[in-house]
Amino acid sequence: MSHRIITGSRALVVAATLIMIPALPLAAQGRGGGGRGGAQNPKAAAPIDLTGYWVSVVDEDWRFRMVMPPAGDYMGVPMTAEAGKVAATWDPAKDEASGDVCKAFGAPSLFRQPGHLHITWQDDQTLQVEMDAGKQTRLLHFGKSKPPAGPSTLQGDSVADWETAGVRSLKVETSHLKAGYLRKNGVPYSENATVLEYYDTLKERDGSIMLVVTTSVTDPQYLREPFIVTTHFKKQNSDAGWSPSACTAKW
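Residues numbered from 1 in each chain as written. Predicted model: local features only at pLDDT ≥ 70, side-chain atom pairs only at ≥ 80, totals over all residues. Heavy atoms only, no water.

A. Up close: the state of the cysteines. Taken as a whole, this structure holds 1 disulfide when the rule is applied. Two residues share a disulfide in this structure: Cys102 and Cys247, whose sulfurs sit 2.1 Å from each other. Judged by the sign of its S-S torsion, about 105°, the bond between Cys102 and Cys247 is right-handed. One end of the pair, Cys102, is in the loop between helix H3 (92-98) and strand E5 (116-123); the other, Cys247, is in the segment after strand E14 (227-236), with 145 residues separating them in the sequence. Neither Cys102 nor Cys247 differs from the other in exposure class; each is buried. (Disulfide = S-S within 2.5 Å. Helix = DSSP H or I, 4+ residues; strand = E, 2+ residues; numbered from the N terminus. Buried < 20%, exposed > 50% of the residue type's maximum accessible area, 1.4 Å probe, protein only.)

Quick look at the structure:
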């Protein structure tokens, strides 16, 4: 499978060794149309199909995603000294008592929760991404369809754009976020954090369709450098397994 590595404002695709069989981007297998008819709306111009039900494929960071990581285990996160001090105060009981149990379900970390996605077009300008884990919904707005900014929220304001040069994918930039956790054990991100994502689809040799989401979180307050992860989902033929569940501060 291919991975996208984000460097500044550019994205490159490099080969990586995973447990899955090497695959080709669907857009390279004859799918396209994003460059036809300049007047097409984003839905009609989509070079890849992201709609449908998807299930998490946890092939890395298993111990941080499938079980509650222990306090103080922040391996792989380029935290600042300030972030370390904040993380050391993590107390899930306090989050529960305050009713703030969805801190690990914001846009920077939502897809790291194991579960299912349901992606649909809300309208011709907006992709809706629902996650059953935490009962969260993200709206990815193309162009001028982005609504005026209101209070900061867990999912923030997301602006989407199709990329058709090279590997065809969806680029999403998110800001105006409510502070939360990059991991459920209190690794923080601040309200100043921004998220850059690329959504790619790949077809495996057995015919399976994979969704690969590369996420780069930038936070001048709590991260020394962008925190980059790649998350995988497999397309399903139905809503099997779809089971919305409330956020929880504990596993």
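B. Examining the side chain of Thr174 more closely. For Thr174, the position within the fold is in strand E9 (residues 169-175). On the basis of relative accessible area, Thr174 is assigned to the buried category, the value being 2%. Among the polar contacts made by the side chain of Thr174, one reaches the side chain of Ser158 at a distance of 2.6 Å. Among residues more than four places away in sequence, those in contact with Thr174 are Ala107, Arg138, Gln155, Gly156, Asp157, Ser158, Thr194, Val195 and Glu197. (Polar contact = N/O pair within 3.5 Å; in protein donor to acceptor, adjacent residues only side chain to side chain. Contact = heavy atoms within 4.5 Å.)

C. Broad picture of the environment of Glu82. Secondary-structure assignment places Glu82 in helix H2 (residues 81-87). Excluding residues within four positions of it along the chain, Glu82 makes contact with Gln221 and Tyr222.

D. Quick look at unusual backbone geometry. In this structure, Lys135 is a non-glycine residue whose phi angle is positive, near 55°. On the secondary structure map, Lys135 appears in the loop between strand E6 (126-131) and strand E7 (136-142).

E. The arrangement of the pattern of salt bridges in detail. Enumeration over the complete set of coordinates arrives at 9 salt bridges. Here Lys103 and Asp95 are joined by a salt bridge, their closest N and O atoms 3.4 Å apart. Assessed through its relative accessible area of 7%, Asp95 is described here as buried. Here Lys103 makes a salt bridge to Asp100, at a shortest N to O gap of 3.9 Å. (Salt bridge = Lys/Arg side-chain N within 4 Å of Asp/Glu carboxyl O.)

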